[in-house]
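# Structural overview for review
Listed here are the chains, written in short residue letters.
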Amino acid sequence: MPDPVFAADIGGSWVRMRDGGQHAPAERLPSPSRLRHPDRPVHQLRAEMVELLSDRVPAGARAVLSFGAAIDHLTGSVYGSAPLWGDESAPYDLAADLRRRRPDVTWHLVNDVTAALLDFAATHARPGTRRVAYLTVSSGIGLRIADLERTRIPVDSGGLQGEVGHLPVPLSEPGAEVLAGLPCECGATDHLASVASGPGMVRAALRLGLADAGRLPEWLPGALAAGDPGARRLLELCAAPVAHLLRTLWCLDPHLDLVGVGGGVVEGLGGHYAAEIRRRLATATSYADRGRDADWLDDRLVFCEPGRVDPLRGVLGIGEWLPGITP
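One structure accompanies this document, and this report is about it. All of these numbers come straight from a predicted model, not from anything done at the bench. (Residues numbered from 1 in each chain as written. Predicted model: local features only at pLDDT ≥ 70, side-chain atom pairs only at ≥ 80, totals over all residues. Heavy atoms only, no water.)

## Notes on the packing of aromatic side chains
Two descriptors summarise a pair of aromatic rings, namely the distance from one centre to the other and the angle between the planes of the rings. Just so we agree on the cut-off: Each Phe, Tyr or Trp ring, with Trp reduced to its six-membered ring, pairs with another whose centre is within 6.5 Å; inter-plane angles below 30 degrees give stacked pairs, above 60 give edge-to-face pairs, and intermediate values give tilted ones. Put simply, DSSP H or I for four residues or longer makes a helix, DSSP E for two residues or longer makes a strand, and each gets a number counted from the N terminus. Relative accessible area decides the class of each residue, using a 1.4 Å probe on protein chains only: under 20% of the type maximum gives buried, over 50% gives exposed, and in between gives partly exposed. Comment: the charge-over-ring label is applied if NZ (Lys) or CZ (Arg) is within 6 Å of the ring centre and within 35 degrees of the ring normal.
Going through the model one piece at a time under the given rule, you end up with 4 aromatic pairs. Measuring from ring centre to ring centre gives 5.9 Å for Phe 67 and Trp 85, while their planes differ by 45°; the resulting arrangement is tilted. Linking Phe 67 in strand S4 (residues 62-67) with Trp 85 in helix H2 (residues 82-85), this pair joins segments that are 18 residues apart in sequence. With respect to class, Phe 67 is no different from Trp 85; both count as buried. When the ring of Trp 85 is compared with that of Tyr 92, the centres are 5.7 Å apart and the planes differ by 80°; the resulting orientation is edge-to-face. The two residues Trp 85 and Tyr 92 agree in class, both being buried. Through a chain of ring-to-ring contacts, the aromatic side chains of Phe 67, Trp 85 and Tyr 92 assemble into a single cluster. A cation over an aromatic ring shows up here: Arg 28 above the ring of Trp 14, its NZ or CZ 3.7 Å from the ring centre. Between the NZ or CZ atom of Arg 46 and the centre of the ring of Trp 85, over which it lies, the distance is 4.3 Å.

As structure tokens, this is what we get:
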């Protein structure tokens with residue numbers, strides 16, 4: 001498949017669009033989302049999204065969309081997106097609505113973490129890399145794994161893979177029971193995203209009684225640099241389940257040669273976050289996990305700085321992967 005004429009990366013805050021391939025200028029518009037418009041009903045937000053995309057795609061174009069939601073990659077049906085639609089969980093066939101509105105356009109819809117994974121793999125994978133993963137820790141948490149040897153992104157019968165943010169969180173860290181019962185944007189409690197996402201860290205800070213919880217993104221990096229004990233405890237508790245996830249991934253898949261970790265939390269906390277995750281992965285937990293030394297981690301784990309991974313750039317290269325998105 002040739003490069004799409006039109007590409008878009010859709011999130012809770014912004015919709016970024018590019019008409020004409022990788023080197024065309026990108027346009028950024030506010031997203032019609034629950035995050036921006038908490039008073040609007042979901043059906044209205046969805047209709048506004050369809051209208052926005054349909055109005056800007058050129059006639060007869062091939063359009064590829066990177067969408068910030070859990071998606072059935074086999075059909076294009078969207079299961080849910082807290083930043084876009086809150087706790088609405090009824091499946092929504094966005095691709096079908098787009099095709100009805102603009103039948104002249106060929107629409108392809110993938111999850112934004114899938115698009116980010118493809119960009120990460122294109123820029124970081126080396127010859128001989130067998131499988132590569134990308135984990136985003138941001139307003140939500142998601143993971144994708146690609147088999148580079150087979151050019152395949154496997155999904156289950158529901159078209160899903162890697163919705164790890166909505167797995168139950170292991171609160172095994174000493175003292176972590178204080179975080180029990182924290183809500184997730186999906187409406188459940190005690191999910192990985194309840195504790196480790198950006199909003200989850202705010203909830204955890206409030207539960208810990210930190211006075212600066214209301215301005216956490218601005219306060220936390222400086223507080224960590226200054227050695228503030230409350231900031232340090234918050235980072236330890238919120239990073240622990242992410243390190244546990246990475247440890248589990250490598251235990252289950254020894255051919256997972258490269259993992260990128262990015263997203264707003266990782267970018268905002270920078271070296272503090274990376275150091276805490278690496279510290280935990282270096283610690284032996286059992287005979288099955290003797291800890292990973294610095295050289296091993298240097299070779300396999302990348303903490304992505306701002307701009308190093310771009311779903312809009314990644315979705316432009318989705319063509320060769322579409323036949324490999326199969327259960």
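## Examining the sheet that holds strand S9 (residues 141-147)
Hydrogen bonds along the backbone pair up the strands of a sheet, which may run parallel or antiparallel. Condition: DSSP bridges decide pairing: two strands pair if at least two such bridges lie between them. For helices, the fitted line uses only the C-alpha atoms of the stretch in contact; every axis is such a line through C-alpha atoms, and the angle between N-to-C directions lies from 0 to 180 degrees.
Strand order in the open sheet formed by 4 strands is S9-S8-S10-S11, with mixed pairing between adjacent strands. Where the open sheet ends on each side, the last strands, each with one partner, are S9 and strand S11 (301-303). Taken over all neighbouring pairs, the strand axes of this sheet differ in orientation by 15° on average, direction set aside. With 7 bridges connecting them, strand S8 (residues 131-137) and S9 associate as antiparallel partners. Looking across to S9, one finds that Leu 135 is bridged to Leu 143.

## Describing the packing of helix H7 (residues 216-225) against helix H9 (residues 264-282)
Cut-off, in case you're wondering: These descriptions rest on fixed angle ranges, namely under 35 degrees for roughly parallel, over 145 for roughly antiparallel, 65 to 115 for roughly perpendicular, and the rest for oblique. The sense of a crossing depends on the near helix, which, turned anticlockwise from the far helix by less than a right angle, makes the crossing left-handed and, turned clockwise, makes it right-handed. Whether two residues touch is decided by their heavy atoms; if any such pair falls within 4.5 Å, the residues are in contact. Gly falls in the polar group here, along with every residue not listed as nonpolar (Ala, Val, Leu, Ile, Met, Phe, Trp, Tyr, Cys, Pro) or charged (Asp, Glu, Lys, Arg).
One can describe the packing of H7 onto H9 by two numbers: an axis separation of 10 Å at closest approach and a directional angle of 20°. Put simply, H7 runs roughly parallel to H9. In this structure, H7 meets H9 at a crossing whose hand is left-handed. Side by side, H7 and H9 meet where Leu 220, Pro 221, Leu 224 and Ala 225 of the first sit next to Gly 268, Leu 269 and His 272 of the second. Of the residues that constitute the contact of H7 with H9, the class distribution is 5 nonpolar, 2 polar and no charged.

## So, helix H1 (residues 42-56)
For clarity, the cut-off: The span one expects for a helix is its residue count, reduced by one, times 1.5 Å.
Between its first and last C-alpha atoms H1 spans 22 Å; for 15 residues at 1.5 Å apiece the expected length is 21 Å, and the two agree. Among the residues of H1, Val 42, Leu 45, Arg 46, Glu 48, Met 49, Val 50, Leu 52, Leu 53 and Ser 54 are the ones counted as buried.

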